[in-house]
Amino acid sequence: TGLSRVGARTDVSLALGGPASSGSDQKRITNAWLTEIKKKTIERECQGLLEFIESPFTLDHVAGHEPVKAWLREDASLMRRGALRAMPMGYLIAGRIGTGKTFIVQCWAGELGVPCVVFKNFRDRWVGATESNLEKIFAVLHAIGQVVVFVDEADQMAGKRESSDGDGGLSGRVYGMLAKELSETRNRGRIIWVFATSRPDLLEVDLKRQGRLDVHIPLFPPQTREELQALLVAVAKKLKLPMTPDDLPDLGEHIGLGGNEIEGVLVRALRTWELCGEPKRPLRELLGEVLREVRPSAHTRKLEYMDLVAVKECTDTRFLPEHFQKMAPEEVEARIDELRRFV
């Protein structure tokens, strides 16, 4: 599924090695070989508008976010069982920069067992080309049969209901085409949309309503010492830094560091560790030194704003840290209004 007739014939010809090939050049058409060739063919036919996610990760690589991981694994189970009517039409993943929105989707893709594609930049400078690109993407998605579509930086990609005069109405047409496709109930469980953004407030309300993006998942930086320790160890493993929980210094005042900031801290510690001679200084000592010197992000109000708009969009209380669960919607709204002038 997903290949045109010409594409299928081309792939079989590749296996045969071409008309002038000897028998030794021929390849057996296995599932693994066909999957790889098919992905390349579809990406080529889409002219770079779609890109398949080849993820070596699973949700086991995600530190923290336990309720979110549990929900995503339940939906993956429903998909494998064919219980498509119980699947959401789509997901909205929101949270401040550095909370792992893209990474958690990549990890989920590693567990799903169905194709996952990234929605690439489909906008074109030529009149009508953008709409044609979108139609081509939709046609391929329908042909694949069952697919997860990841739209990163969704607030920039999805268009607006009210177009500005400067784009000749293009933004409004993009919005209309996406809104129609997202609400097509025949796609439930077959085309699963995942939008990710740090500014869900910039997405049109109609796009993120129930029936289009049903499940709104907020992601937050570590909220407890245990979550911070787990994230530090996970990122260190990703960087191939030989660190264990015993190497961690006191982290009390650093609660709230995002994943990007933690990676920056660990890269600095790794840099010092690689530069120092033998015998190597203890990692605990190096990490403690870096943490004392590092300055967290100065954009505290912007980051708080991103946290709160993610809280506002959340569709299930279980995804929220305890202190956000206790905040009344009116309190969240009032604080967002106070912070809006800093964004």
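Residues numbered from 1 in each chain as written. Predicted model: local features only at pLDDT ≥ 70, side-chain atom pairs only at ≥ 80, totals over all residues. Heavy atoms only, no water.

Novice: Before we move on, can you summarise the pattern of salt bridges with the specific residues and values?
Specialist: Close approach of charged atoms allows side chains with opposite charge to pair. Counted under the stated rule, the structure contains 17 salt bridges. The partner of Glu 66 in a salt bridge is Lys 69, and the shortest N-O contact between them spans 3.2 Å. Of this pair, Glu 66 and Lys 69 both sit in helix H3 (residues 66-81), separated by 3 residues, roughly a single helical turn. Residue class for Lys 69 comes out buried when judged on its relative accessible area of 6%. (Salt bridge = Lys/Arg side-chain N within 4 Å of Asp/Glu carboxyl O. Helix = DSSP H or I, 4+ residues; strand = E, 2+ residues; numbered from the N terminus. Buried < 20%, exposed > 50% of the residue type's maximum accessible area, 1.4 Å probe, protein only.)

Novice: Before we move on, could you go through the confidence of the model for the chain and cite the residues and values that matter?
Specialist: A residue-level look at the chain finds 90% of positions with pLDDT of 70 or above and a mean pLDDT of 83. Averaged over each element, pLDDT in the chain is lowest for helix H2 (residues 31-45) (76) and highest for strand S6 (residues 215-219) (96). (pLDDT = per-residue confidence, 0-100.)

Novice: With reference to specific residues and values, describe the pairing of strand S3 (residues 116-119).
Specialist: Residues Cys 116 and Val 118 line one face of S3 and the alternating positions Val 117 and Phe 119 line the opposite face, and both faces are buried. Pairing analysis gives 3 bridges linking strand S1 (residues 50-52) to S3, with the strands arranged antiparallel. In the strand pairing of S3, Leu 50 is matched with Phe 119. In the sheet, S3 pairs with strand S4 (residues 147-151) via 3 bridges, with the strands oriented parallel. Within the sheet, the bridge partner assigned to Val 118 lies in S4 and is Phe 150. (Pairing = 2+ DSSP bridges.)

Novice: I'd like to hear about the packing of helix H5 (residues 129-144) against helix H7 (residues 170-182), residue by residue, with values.
Specialist: To characterise two packed helices, one gives the angle between the axes of the helices and the distance between these axes. Look at H5 against H7: their axes get within 10 Å of each other, and the N-to-C directions meet at 15°. On the basis of their axis angle, the class for H5 and H7 is roughly parallel. Like other packed secondary-structure pairs, H5 and H7 cross with a definite hand, here right-handed. Two secondary-structure elements touch here, H5 through Thr 130, Glu 131, Leu 134, Glu 135, Phe 138 and His 142 and H7 through Leu 170, Arg 173, Val 174, Met 177, Leu 178 and Glu 181. (Axes fitted to C-alpha atoms, helices over the stretch in contact; angles between N-to-C directions. Parallel < 35°, antiparallel > 145°, perpendicular 65-115°, else oblique. Left-handed = near helix turned anticlockwise from the far one by under 90°. Contact = heavy atoms within 4.5 Å.)

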